[in-house]
Amino acid sequence: MGSPMAQNLIKAGCDVTVWNRTKSKCDPFISLGAKYRSSPEEVAANCDVTFAMLADPESAIDVACGKNGVLSGMGPGKGYVDISTVDGATSKMINGHIKATGALFLEAPVSGSKKPAEDGQLIFLTAAGDRSLYDSVAPLLNILGKSRFYLGEVGNGAAMKLVVNMIMGSMMASFSEGLLLSKKVGLDPNVLVEVVAQGAISAPMYSVKGPSMVKSHYPTAFPLKHQQKDLRLALGLAESVSQSTPIAAAANELYKVAKAYGLSDEDFSAVIEALKAKSDDSA
Ligand SMILES: NC(=O)C1=CN([C@@H]2O[C@H](COP(=O)(O)OP(=O)(O)OC[C@H]3O[C@@H](n4cnc5c(N)ncnc54)[C@H](OP(=O)(O)O)[C@@H]3O)[C@@H](O)[C@H]2O)C=CC1
Ligand SMILES: O=CCCC(=O)O
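Small disclaimer: the values here were computed from a predicted structure and weren't measured.

## Overview of the overall build of the protein
So, step 1. Helix and strand counts for the protein come out as 14 helices and 8 strands.
So, step 2. Taken over C-alpha atoms, the radius of gyration comes to 20 Å for the protein, in line with the 19 Å a tight globule of 283 residues would show.
So, step 3. If one aligns the C-alpha atoms of the protein with their principal axes, the spans along those axes are about 65 × 45 × 35 Å.
So, step 4. Expressed as a percentage of the 283 residues in the protein, the buried residues total 45%.
So, step 5. Long-range pairs, those at least 24 residues apart, make up 68% of the contacts in the protein between residues at least 6 apart in sequence.
So, step 6. Here the protein has roughly 13,600 Å² of accessible surface; of this, 55% comes from carbon and sulfur atoms.

The structure is reproduced here in structure tokens:
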């Protein structure tokens, strides 16, 4: 996700500096004119605003607060925008450390996957205690996304993102059950995809991913391991307020099974494979 976003900023004429743990992934951007720095600290020290797009809470904390991390390069007049999908506690912790340097922090997870990222059509779910950074990076968010919601206190953006992805993970698990059931009772799952697309439960996700799921193809847009991470974090959020989420809990178990089958880096629609395996077990 970080790659298409960086590319869009470069194409828009922004002065971009990049860093990634696996350096080779920076090479295409260096060819496009971006500068390269050898650590998150160096990036932060040399830029007014630093964007981060990282896998999970652990990597977000490590890159922000670890050795040669963003914190060491932060200070007054600078801003840090974390786009990674993390939990509210992680976001608040990073916010606290960034603010202590005199810099500003914006939590800005996104809805929308690889294609919307390439097309600059992401939906930003932003939240920060300090609105001035939100206002100053608005032109950059407008390059990367088609809409943005300012949600107030840090933690609200993470919570919104987790609720959205909790729904998405359950929807995909349910759709997978429907595809397999239709096939088992002698229906054509391709026709099911068409029927669903015409009615009240239509969703771009079903129309885009359904045809390839029928062919057992799962080209990765949103890695399954990240969907399971988001369900796990959403269940933690629900528990923190004693909200019952039995559907999401069941979906999470299915994604865990899919991970155990080695599907972590496939698209999250590969969760259907876990159901196929379960059906085979009980046959
Ligand atoms: N894909 C999608 O459709 C969407 C994803 N998201 C969220 O965005 C984030 C990124 O997703 P995506 O780009 O798909 O994921 P990827 O797994 O493709 O990329 C993860 C990035 O995190 C880096 N990383 C992982 N662990 C560490 C670490 N310990 N230290 C430093 N860097 C690390 C990786 O570096 P390296 O290249 O070295 O492995 C890579 O740059 C996730 O939080 C995901 O939930 C949000 C919206 C949509
Ligand atoms: O976090 C990933 C979301 C993927 C999407 O919104 O299509």
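There is more to say, and it comes next.
## As for the packing of helix H4 (residues 57-65) against helix H6 (residues 88-100)
So, step 1. Between H4 and H6, whose axes approach to 10 Å, the crossing angle comes to 5°. In terms of orientation, H4 lies roughly parallel with respect to H6. Taken together, the residues of H6 that come into contact with H4 (itself represented by Pro57, Ala60, Ile61, Ala64 and Cys65) are Thr90, Met93, Ile94 and His97.
So, step 2. Classifying every residue of the contact of H4 with H6 by side-chain character gives 7 nonpolar, 2 polar and no charged.

## Quick word on the packing of aromatic side chains
So, step 1. Scanning the entire structure with this criterion turns up 4 aromatic pairs.
So, step 2. Ring geometry for Phe175 and Tyr206: centres 4.2 Å apart, planes at 25°, overall stacked. One end of the pair, Phe175, is in helix H9 (residues 156-184); the other, Tyr206, is in helix H11 (residues 204-214), with 31 residues separating them in the sequence. Tyr206 matches Phe175 in its accessibility class, with the two residues each being buried.
So, step 3. A ring pair is formed by Phe222 and Phe268, whose centres lie 5.4 Å apart and whose planes are at 65°; its orientation type is edge-to-face. Linking Phe222 in the loop between H11 and helix H12 (224-240) with Phe268 in the loop between helix H13 (246-260) and helix H14 (271-282), this pair joins segments that are 46 residues apart in sequence.
So, step 4. With a relative accessible area of 15%, Phe222 lands in the buried category.
So, step 5. Geometry around Tyr36 places Lys23 over its ring, the cationic atom sitting 4.8 Å from the centre.
So, step 6. Between the NZ or CZ atom of Arg131 and the centre of the ring of Tyr150, over which it lies, the distance is 4.5 Å.

## Quick notes on empty space enclosed by the protein
So, step 1. Scanning the model with the defined rule gives 1 cavity of 30 Å³ or more in all.
So, step 2. As a volume, the largest cavity reaches approximately 30 Å³.
So, step 3. Asp82, Ser84, Val86, Ser91, Glu107, Pro109 and Ala158 are the residues that line the largest cavity.
So, step 4. Of the residues belonging to the lining of the largest cavity, the class tally is 3 nonpolar, 2 polar and 2 charged.

## Quick notes on the sheet that holds strand S8 (residues 145-150)
Within a sheet, adjacent strands bond to each other through the backbone by hydrogen bonds, running parallel or antiparallel.
So, step 1. A sheet is described by the order of its strands in space; here 3 strands give the open sequence S6-S7-S8, paired in mixed fashion. Edge positions in the sheet fall to strand S6 (110-111) and S8, since each of these pairs with one other strand and no more.
So, step 2. The sheet contact formed by strand S7 (residues 122-126) and S8 spans 5 bridges and is parallel. By the bridge assignment, Leu122 is partnered in S8 with Gly145.

## Focus: the site of ligand 1
So, step 1. Ligand 1 sits among 21 residues. The nearest are Asn20, Thr22, Lys25, Ser113 and Lys229.
So, step 2. With respect to ligand 1, the side chain of Asn20 contributes an N or O atom lying 2.7 Å from an oxygen atom.
So, step 3. Elements represented by at least two residues in the shell around ligand 1 include exactly H4 and H12.
So, step 4. Among the elements that make up the shell around ligand 1, the one with the highest residue count is H12 (3 residues).
So, step 5. Tallied by class, the residues present in the shell around ligand 1 amount to 9 nonpolar, 7 polar and 5 charged.
So, step 6. When residues are assigned to domains, the shell around ligand 1 turns out to be shared by domain 1 (2-153) and domain 2 (158-282), each giving three or more.

## Concerning the domain arrangement of the protein
So, step 1. Its domain assignment divides the protein into domain 1 (2-153) and domain 2 (158-282).
So, step 2. The gap between the C-alpha centroids of domain 1 and domain 2 is 28 Å.
So, step 3. Tallying the contact residues gives 15 residues for domain 1 and 12 residues for domain 2.
So, step 4. Roughly 1,100 Å² is buried in total at the junction of domain 1 and domain 2, and carbon and sulfur atoms are behind 64% of that figure.
So, step 5. Taken together, the connections running from domain 1 to domain 2 amount to 0 salt bridges.
So, step 6. There are 5 residue pairs in polar contact (both at pLDDT 80 or more) connecting domain 1 and domain 2.
So, step 7. Per-class residue counts for the side of domain 1 that touches domain 2 are 7 nonpolar, 4 polar and 4 charged.

What counts and how
- Residues numbered from 1 in each chain as written.
- Chains lettered and ligands numbered in written order.
- Predicted model: local features only at pLDDT ≥ 70, side-chain atom pairs only at ≥ 80, totals over all residues.
- Heavy atoms only, no water.
- Helix = DSSP H or I, 4+ residues; strand = E, 2+ residues; numbered from the N terminus.
- Rg over C-alpha atoms; globule rule 2.2 N^0.38 Å.
- Buried < 20%, exposed > 50% of the residue type's maximum accessible area, 1.4 Å probe, protein only.
- Contact = heavy atoms within 4.5 Å.
- Areas by Shrake-Rupley, 256 points an atom, 1.4 Å probe, with all protein chains shown as cover.
- Axes fitted to C-alpha atoms, helices over the stretch in contact; angles between N-to-C directions.
- Parallel < 35°, antiparallel > 145°, perpendicular 65-115°, else oblique.
- Nonpolar A, V, L, I, M, F, W, Y, C, P; charged D, E, K, R; others polar.
- Phe/Tyr/Trp six-rings, centres within 6.5 Å; stacked < 30°, edge-to-face > 60°.
- Lys NZ or Arg CZ within 6 Å of the ring centre and 35° of its normal.
- 1 Å grid on protein atoms, 1.4 Å probe; cavity = no way out; pocket = protein on both sides within 12 Å on 5 of 7 lines; lining within 4 Å.
- Points joined across faces, edges and corners; volume = space filled by probe spheres on them.
- Pairing = 2+ DSSP bridges.
- Near = heavy atom within 4 Å.
- Polar contact = N/O pair within 3.5 Å; in protein donor to acceptor, adjacent residues only side chain to side chain.
- Domains from an automatic or database assignment.
- Buried area = accessible area lost by both parts, 1.4 Å probe.
- Salt bridge = Lys/Arg side-chain N within 4 Å of Asp/Glu carboxyl O.

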